[in-house]
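Reading the structure
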Amino acid sequence: MARKKPLVVVTRRLPDKIETRMRELFDARLNVDDVPMSQEQLAEAMATADVLVPAICDRIDAKVIEAAGPNLKLIANFGNGVDHIDVAAANARGITVTNTPGVLTEDTADMTMALILAVPRRLTEGAALITSDDGTWPGWSPMWMLGHRIWGKRLGIIGMGRIGQAVARRAKAFGLQIHYHNRRPLPAHIEEDLEATYWDSLDQMLARMDILSVNCPHTPATFHLLSARRLKLIRPDAYIVNTARGEVIDEHALIRMIENGEIAGAGLDVFEREPAVSPKLLKLARAGKVVLLPHMGSATVEARVDTGEKVIVNIKAFMDGHRPPDRVLPAML
């Protein structure tokens, strides 16, 4: 007798290629309308599924995990970050959690570099002017739309994992001096290859950089890592770029300091209360002080397909009785 296929509940629409493969391999319950699931719907899915495949927009907290039925043994996250999943609560219930590391590295680093260019060079502000209906652009002149050069400037990378290193490789090619803060220094050969300078003290690094890039994960230890106190250390002519998680920065303090001219500007692809975006940030964007993007750092066809394939590998390995390659343990966070 053929073994019964596991019931796999997928919370959001995925690439056709991935959904087709899931239908072949599993009893896949897909979200073809791509409507976000409520907490009640997530709890219902947990009560019946063998495997849940959530995304960053789903809050898998302890209350939802309490609703897990006896068959649910795996939460195979579609994405690298697991800050929306209570991994400790899942582990206590004997539920394995996996993620998809590595597949978003290059795409997120590309977007980080795009923001590093866009903010000092006023790219979105210029694009808006030239496409405006009121004919704002009078033509070229020596003092029109002046931004700032990035060549030779100091870039401070906060979090030097896969994405941080990928950003460093790109930034080095643009002539930026690479500095970084991390829980521990990189191996010497990587530091030498990137020509990167390690700062044990985040405070000291913040005070000396021209551009700061946030590339660390959101964990309890990094919540508001860039607090109001630390933001005050940043020079008034410096810029901040964040393609990691909005919760790493005290957004209210950042807004206040940009409004007051204490920080030159910011490029943000993530926000502290997604999908809500502060009206004050929108006002700053209209004034050309910040560049805002709708969490699209990893939004490439290739990344989404690669992510889905990793999810499938993790599910298959687990269901075949093997340790999934991308298991996440509480001690890793």
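Residues numbered from 1 in each chain as written. Predicted model: local features only at pLDDT ≥ 70, side-chain atom pairs only at ≥ 80, totals over all residues. Heavy atoms only, no water.

As recorded by an unreviewed UniProt entry, the protein chain carries the name Glyoxylate reductase and is attributed to Ancylobacter novellus. According to UniProt, the comment filed for the protein chain under the heading Sequence similarities (unreviewed entry) is "Belongs to the D-isomer specific 2-hydroxyacid dehydrogenase family." (UniProt positions renumbered as here; feature names shortened; annotations may be inferred.)

With that out of the way, let us pick up the packing of helix α1 (residues 16–25) against helix α13 (residues 301–319). Viewed as axis vectors pointing N to C, α1 and α13 meet at an angle of 15°, and their least axial separation amounts to 9 Å. With respect to α13, the axis of α1 lies roughly parallel. Of the two elements, α1 crosses α13, and the hand of that crossing is right-handed. Touching Lys17, Ile18, Arg21, Met22 and Leu25 of α1 are Val305, Gly308, Glu309, Val311, Ile312 and Lys316, all from α13. Across the contact of α1 with α13, the residue classes break down as 6 nonpolar, 1 polar and 4 charged. (Axes fitted to C-alpha atoms, helices over the stretch in contact; angles between N-to-C directions. Helix = DSSP H or I, 4+ residues; strand = E, 2+ residues; numbered from the N terminus. Parallel < 35°, antiparallel > 145°, perpendicular 65-115°, else oblique. Left-handed = near helix turned anticlockwise from the far one by under 90°. Contact = heavy atoms within 4.5 Å. Nonpolar A, V, L, I, M, F, W, Y, C, P; charged D, E, K, R; others polar.)

Below, the discussion takes up the side chain of glutamine 165. The residue glutamine 165 is located in helix α7 (residues 162–173) in this model. A relative accessible area of 19% places glutamine 165 in the buried class. (Buried < 20%, exposed > 50% of the residue type's maximum accessible area, 1.4 Å probe, protein only.)

Another point: the packing of helix α11 (residues 251–259) against helix α12 (residues 279–286). Relative orientation of the contacting elements α11 and α12 amounts to 35°, with a least axis distance of 10 Å. By crossing handedness, the relation of α11 to α12 is classed as left-handed. Counted together, Glu251, Ile255, Ile258 and Glu259 of α11 and Lys280, Leu281 and Leu284 of α12 form the full contact between these two elements. Per-class residue counts for the contact of α11 with α12 are 4 nonpolar, no polar and 3 charged.

What follows is about the pattern of salt bridges. In the structure shown here, the tally under the stated rule is 18 salt bridges. Between arginine 59 and aspartate 61 there is a salt bridge, with its nearest N and O atoms 3.3 Å apart. Using a relative accessible area of 48% as the deciding quantity, one classes arginine 59 as partly exposed. We note a salt bridge from lysine 172 to glutamate 195, for which the minimum N-O separation is 3.5 Å. In this pair, lysine 172 is assigned in helix α7 and glutamate 195 in the loop between α8 (188–194) and β8 (196–198), connecting sequence segments 23 residues apart. (Salt bridge = Lys/Arg side-chain N within 4 Å of Asp/Glu carboxyl O.)

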